[in-house]
Amino acid sequence: MSIIEQLSALKKEIPSGVKLVLVSKFQSEETIMEAYNAGHRIFAENYPQEFEKKVKSLPEDIEWHFIGHLQSNKIKMVVPYASLIHSVDSEKLLYEIDDYCQKNGLKTKVLLEIHVAKEETKHGFTMDEAEELLEKLRKEPLKCVTLCGIMGMATLTDDNIEIQREFTLLYSFYSRMKQRHLQWPEFKELSMGMSEDYKYAVRLGSTILRIGTKVFGKREKL
Ligand SMILES: *Cc1c(COP(=O)(O)O)cnc(C)c1O
């Protein structure tokens, strides 16, 4: 199937309240433009350099999300252009983003990345750490950063029971925090679900899907 066909088939499957973010890392600008010309406007990248380059050369009405690990020295390549940063994975990074925004007169929306997968390589807070941080931020709110919810990735496995267990954990943590922090009306996003596991994610309460391969096909390294 072509990109256009994959995209329209996928959109038919996804409930209307769930946002589809197309993950375009390692995809060429021509490939992204195929989805753009089919009417899609929300894309996400993982690497700051590639992100900034694509933001600057592709159409201005694209809503760009950032979903990769972000180092402090790359904040300036990402924060000014990202509608949503899904991957805030440390307290230090969160405060650095807030500082950067204050100095530059910017506002930014972020999600906290929660680590539930079995792989050590994946980044993120434990639920306990995130809960503690949110409690602290309730007392001393950030100046320019809005917390919009959480992001998580399931283990890369064929074990569907395990994937569903992890998504259930993410969902229950997310809903508990949402209830607890009614002072943040924008805390309402649960970013979970990728090409291989989005069907479970949708069933288990995801509000944002991050899908690459299923629409674009295998990634070619640039
Ligand atoms: C690459 C990536 C995706 C998309 O993965 P696919 O399997 O291609 O759909 C989603 N989320 C994150 C954080 C990624 O790095």
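Okay, so let's go over this structure. This is a predicted model, so every value here is computed, not measured. Residue positions are given per chain, counting from 1 as you read along its sequence in written order. Predicted model: local features are reported for residues with pLDDT of at least 70 only, side-chain atom pairs are reported and counted for 80 or more only, and whole-chain, interface and lining totals are derived from all residues. Only hydrogens and water are set aside; all other atoms, that is, all heavy atoms of the structure, feed into the side-chain values.

Some details on the overall build of the protein chain
Think of it this way: any DSSP run of H or I at least four residues long counts as a helix, any run of E at least two long counts as a strand, and we number them from the N terminus. When helices and strands are tallied, the protein chain shows 9 helices and 8 strands. The globule rule puts the C-alpha radius of gyration for 222 residues at 17 Å, and the 17 Å found for the protein chain is close to it. Summarising its shape, the C-alpha atoms of the protein chain cover approximately 50 × 45 × 30 Å along the three principal directions. The 222 residues of the protein chain split such that 50% are buried. A separation threshold of at least 6 residues defines the contact pool for the protein chain, and within that pool the share at least 24 residues apart is 59%. Using a 1.4 Å probe, the Shrake-Rupley method yields the accessible areas, and only the shown protein chains count as cover for residues. Of the roughly 11200 Å² of accessible surface on the protein chain, 51% is carried by carbon and sulfur atoms. Here the radius of gyration uses the C-alpha set of atoms, whereas the globule reference equals 2.2 Å times the residue count to the power 0.38. For every residue, the accessible area obtained with a 1.4 Å probe (protein chains only) is divided by the maximum for its type, and the residue is called buried under 20%, exposed over 50%, and partly exposed between those limits. Residue contacts follow a heavy-atom distance rule, with two residues in contact if any of their heavy atoms lie within 4.5 Å.

Some thoughts on helix 5 (residues 91–104)
For helix 5, spanning 14 residues, the distance from its first C-alpha to its last is 20 Å, which sits close to the expected 20 Å at 1.5 Å a residue. Along helix 5, the positions that sit buried rather than exposed are Leu93, Leu94, Ile97, Asp98 and Cys101. Take helix 5 and look down its axis: the buried residues cluster within an arc of 140°, on one side only. Exposed and oriented more than 90 degrees from the buried face of helix 5 are Lys92 and Lys103. Tucked into the core, helix 5 has its buried residues touching helix 4 (75–78), strand 4 (84–88), strand 5 (108–115), helix 6 (127–139) and strand 6 (145–153). Phi for Gly105, located one or two positions after helix 5, is positive at around 60°. A helix is expected to span 1.5 Å for every residue after the first. The arc in question is traced by the directions running from the helix axis to the C-beta atoms.

Side note on helix 2 (residues 29–37)
Of the positions making up helix 2, those classed as buried are Thr31, Ile32, Ala35 and Tyr36. Buried residues in helix 2, looked at end-on, bunch into an arc of 145°, giving them a common side. With respect to the buried face of helix 2, the exposed residues turned more than 90 degrees away are Glu30 and Asn37. Phi turns positive, to about 105°, at Gly39, one or two residues after helix 2.

So, the site of the ligand
A cutoff of 4 Å decides nearness: a residue is near a molecule or strand if any of its heavy atoms lies inside that distance of it. The ligand sits among Val23, Lys25, Asn46, Ile67, Met153, Met194, Ser195, Arg210, Ile211, Gly212, Thr213 and Arg219. Between Arg219 and the ligand, the recorded distance is 2.8 Å, taken from a side-chain N or O atom to an oxygen atom. Across the complex, the protein chains shield 90% of the 390 Å² of accessible surface that the ligand would expose by itself. Taken together, the residues that form the shell around the ligand break down as 5 nonpolar, 4 polar and 3 charged. Any pair of N or O atoms that falls within 3.5 Å is considered a polar contact. Within protein, one atom must be able to donate a hydrogen and the other to accept it, and sequence-neighbouring residues count only if both atoms are side-chain atoms. Residues are grouped as follows: Ala, Val, Leu, Ile, Met, Phe, Trp, Tyr, Cys and Pro are nonpolar; Asp, Glu, Lys and Arg are charged; all remaining types, including Gly, are polar.

Details of the pattern of salt bridges
Side chains carrying opposite charge are able to pair once their charged atoms draw close together. Salt-bridge detection follows one rule: a side-chain nitrogen of Lys or Arg within 4 Å of a carboxyl oxygen of Asp or Glu. The tally for this structure, following the rule as stated, stands at 15 salt bridges. Here Arg41 ties to Asp61 by a salt bridge, and the two come within 3.2 Å at their closest N and O atoms. A residue pair is termed long-range when its members are at least 10 positions apart, and Arg41 in the loop between helix 2 and strand 2 (42–45) and Asp61 in the loop between helix 3 (48–57) and strand 3 (63–66) qualify at 20 residues. Judged by its relative accessible area of 29%, Arg41 falls in the partly exposed class. Judged by relative accessible area, Asp61 falls into the partly exposed class, the value being 44%. Ionic pairing is found between Arg165 and Glu162, a salt bridge with its closest N-O pair at 3.0 Å. In this pair, Arg165 and Glu162 both sit in helix 7 (residues 160–180), 3 residues apart, roughly one turn of the helix. Judged by its relative accessible area of 11%, Glu162 falls in the buried class.

Section: the packing of aromatic side chains
Stacked, tilted and edge-to-face pairs are distinguished by plane angle, under 30 degrees for stacked and over 60 for edge-to-face with tilted covering the rest, among Phe, Tyr and Trp rings (Trp via its six-membered ring) whose centres lie within 6.5 Å. Counting across every chain of the model gives 6 aromatic pairs. Each ring, one from Phe51 and one from Phe66, has its centre 5.5 Å from the other, and the planes form 85°; the classification is edge-to-face. In this pair, Phe51 is assigned in helix 3 and Phe66 in strand 3, connecting sequence segments 15 residues apart. Overall, Phe66 belongs to the buried group, its relative accessible area being 0%.

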